[in-house]
Amino acid sequence: MNNFIKNAFYNTIATFLPIIVIQLLIYPTINRYLGAEKYGLMITTFGIITLISNACGSSLINIRLIKNNDYKSLNIKGDFSSISIYLTLIGFFLSFFIFSKYINNFFGVLITTLLTTLIILRNYIEVFFRLQLDYRSIWNSNACLLVGYLLGLLFFIKIRDWRIIFFCGYFFSLMYISIKNNCYFYEFHHTKLFSQTLI
């Protein structure tokens, strides 16, 4: 019972702390430095990023959580990393197509697209911790996300590009997840469940 309460505490704080920092610190700072018009464009753009990353990443996460017992019962590993690459590529090209319609420079389109890709990969790879009920690592991952946000905020004040805030946050978190849990890199081969899982 004590472990359950502790894990619930870690999971809740890890989930909400970055959101609180975004709402109370990052968004107001962006608004202050960029002004209302550019801030509105940022909110729209990040909304699209979130929509695409959820569509591509969350669907894969749900499949992984649902199908995990099938793979465990057969004692096989594979498929999911390959599928994640497919969905990440879909997210990449979809993002590039959408953002190229209203972002005026190629560099801006590319950075925004890469940010979307980074979020998709980070959110999926973190699911390994959830499968292992490793809430401490989820906490650490979100702590890295938060530190990255704060570091990115300092860069933003210098260069006035809001994307650097989120890029730093998700990059730091992804690096921690990749170092802590390298299972992702061993699941690129296809198994006999691949077609069933993909469908």
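When you look at the overall build of the protein in this model, what are you seeing that I'm missing?
Counting its regular elements, the protein contains 8 helices and 0 strands. Starting at the N terminus and ending at the C terminus, the protein contains elements arranged as α-α-α-α-α-α-α-α. Among the 199 residues that make up the protein, the fraction classed as buried is 44%. The contacts in the protein between residues at least 6 apart in sequence include a share of 77% that link residues at least 24 apart. Total accessible area computed for the protein in this model is approximately 10,900 Å², and 66% of it derives from carbon and sulfur atoms.

Would you mind showing me how to read the packing of helix α4 (residues 106–125) against helix α7 (residues 163–180) here?
Angle between the axes and distance between the axes: these two values describe a pair of packed helices. Closest axis-to-axis distance for the α4/α7 pair is 9 Å, and the angle between their directions is 35 degrees. The chirality of how α4 crosses α7 is left-handed. Taking contact as the criterion, the partners of G108, I111, T112, L114, L115, L118, I119, L121, R122, N123 and I125 in α4 are, on α7, R163, F166, F167, Y170, F171, S173, L174 and I177. For the contact of α4 with α7, the class distribution of residues is 13 nonpolar, 4 polar and 2 charged.

Any chance you could explain the nonpolar core here in plain terms?
A general tendency of soluble globular proteins is for nonpolar side chains to be buried together. Membership of the largest hydrophobic core comes to 42 residues, with the highest contact counts inside it found for I26, I30, F46, Y149, W162, I165 and F166. Secondary structure elements with two or more residues in this core: α1 (2–34), α2 (36–74), α3 (80–99), α4, α5 (127–131), α6 (135–159) and α7. Here this core takes 8 residues from α2, the largest share from any one element. In this structure, I165 is in contact with I26, I30, G148, Y149, G152, L153 and F156, ignoring residues within four places of it in sequence.

So what exactly am I meant to see when it comes to the side chain of S173 here?
Within the secondary structure layout, S173 lies in helix α7. In this structure S173 touches R122, S141, C144 and L145, once residues within four positions along its chain are discounted.

Would you explain the packing of aromatic side chains in this entry?
The tally for this structure, following the rule as stated, stands at 11 aromatic pairs. On the numbers, 4.2 Å between centres and 25 degrees between planes, the contact of F46 with F166 is stacked. One end of the pair, F46, is in helix α2; the other, F166, is in helix α7, with 120 residues separating them in the sequence. Across the pair, F166 and F46 agree in class, each one buried.

Explanation requested: the environment of S58 in the structure shown.
Along the polypeptide, S58 turns up in helix α2. Placed 69 residues apart in sequence, S58 and V127 show a C-alpha to C-alpha distance of 10.0 Å.

For this particular structure, what's the right way to read the pattern of salt bridges?
Pairing between side chains becomes possible if they bear opposite charge and their charged atoms approach one another. If you walk through the whole model with that rule in mind, you get 2 salt bridges. Notably, a salt bridge pairs E126 with R122, separated by 3.3 Å at the nearest N-O pair. Using a relative accessible area of 5% as the deciding quantity, one classes E126 as buried. Across the salt bridge formed by R163 and D161, the nearest N and O atoms sit 3.0 Å from each other.

Quick question: what am I supposed to make of a nonpolar patch on the surface here?
Taken together, the side chains of V147, L151, L154, F155, I157, I159, F171, F172, M175 and I179 define a hydrophobic patch exposed on the protein surface, amounting to about 900 Å² of accessible area. Secondary-structure elements contributing two or more residues to the nonpolar patch are α6 and α7. Per-element tally for the nonpolar patch: the top contributor is α6, with 6 residues.

How do you make sense of the environment of L154 when you look at a structure like this?
Locating L154 in the fold gives a position in helix α6. A sequence separation of 11 residues divides L154 from I165, and the C-alpha atoms of the two residues are 8.2 Å apart.

Got a minute to help me understand unusual backbone geometry in this structure?
Across residues other than glycine, the phi torsion is negative in most instances, and most of the peptide bonds are trans. For R160, which is not glycine, the phi dihedral falls at a positive 60 degrees. Tracing the sequence through the fold places R160 in the loop between α6 and α7. With relative accessibility at 40%, the residue R160 sits in the partly exposed group.

Conventions and cut-offs
- Residues numbered from 1 in each chain as written.
- Predicted model: local features only at pLDDT ≥ 70, side-chain atom pairs only at ≥ 80, totals over all residues.
- Heavy atoms only, no water.
- Helix = DSSP H or I, 4+ residues; strand = E, 2+ residues; numbered from the N terminus.
- Buried < 20%, exposed > 50% of the residue type's maximum accessible area, 1.4 Å probe, protein only.
- Contact = heavy atoms within 4.5 Å.
- Areas by Shrake-Rupley, 256 points an atom, 1.4 Å probe, with all protein chains shown as cover.
- Axes fitted to C-alpha atoms, helices over the stretch in contact; angles between N-to-C directions.
- Left-handed = near helix turned anticlockwise from the far one by under 90°.
- Nonpolar A, V, L, I, M, F, W, Y, C, P; charged D, E, K, R; others polar.
- Core = buried A, V, L, I, M, F, W, Y, C linked by side-chain atoms within 4.5 Å.
- Phe/Tyr/Trp six-rings, centres within 6.5 Å; stacked < 30°, edge-to-face > 60°.
- Salt bridge = Lys/Arg side-chain N within 4 Å of Asp/Glu carboxyl O.
- Patch = residues over 30% accessible without salt bridge, like charges linked within 9 Å, V, L, I, M, F, W, Y side chains within 5 Å.

By themselves, these observations are geometric and do not establish any function.
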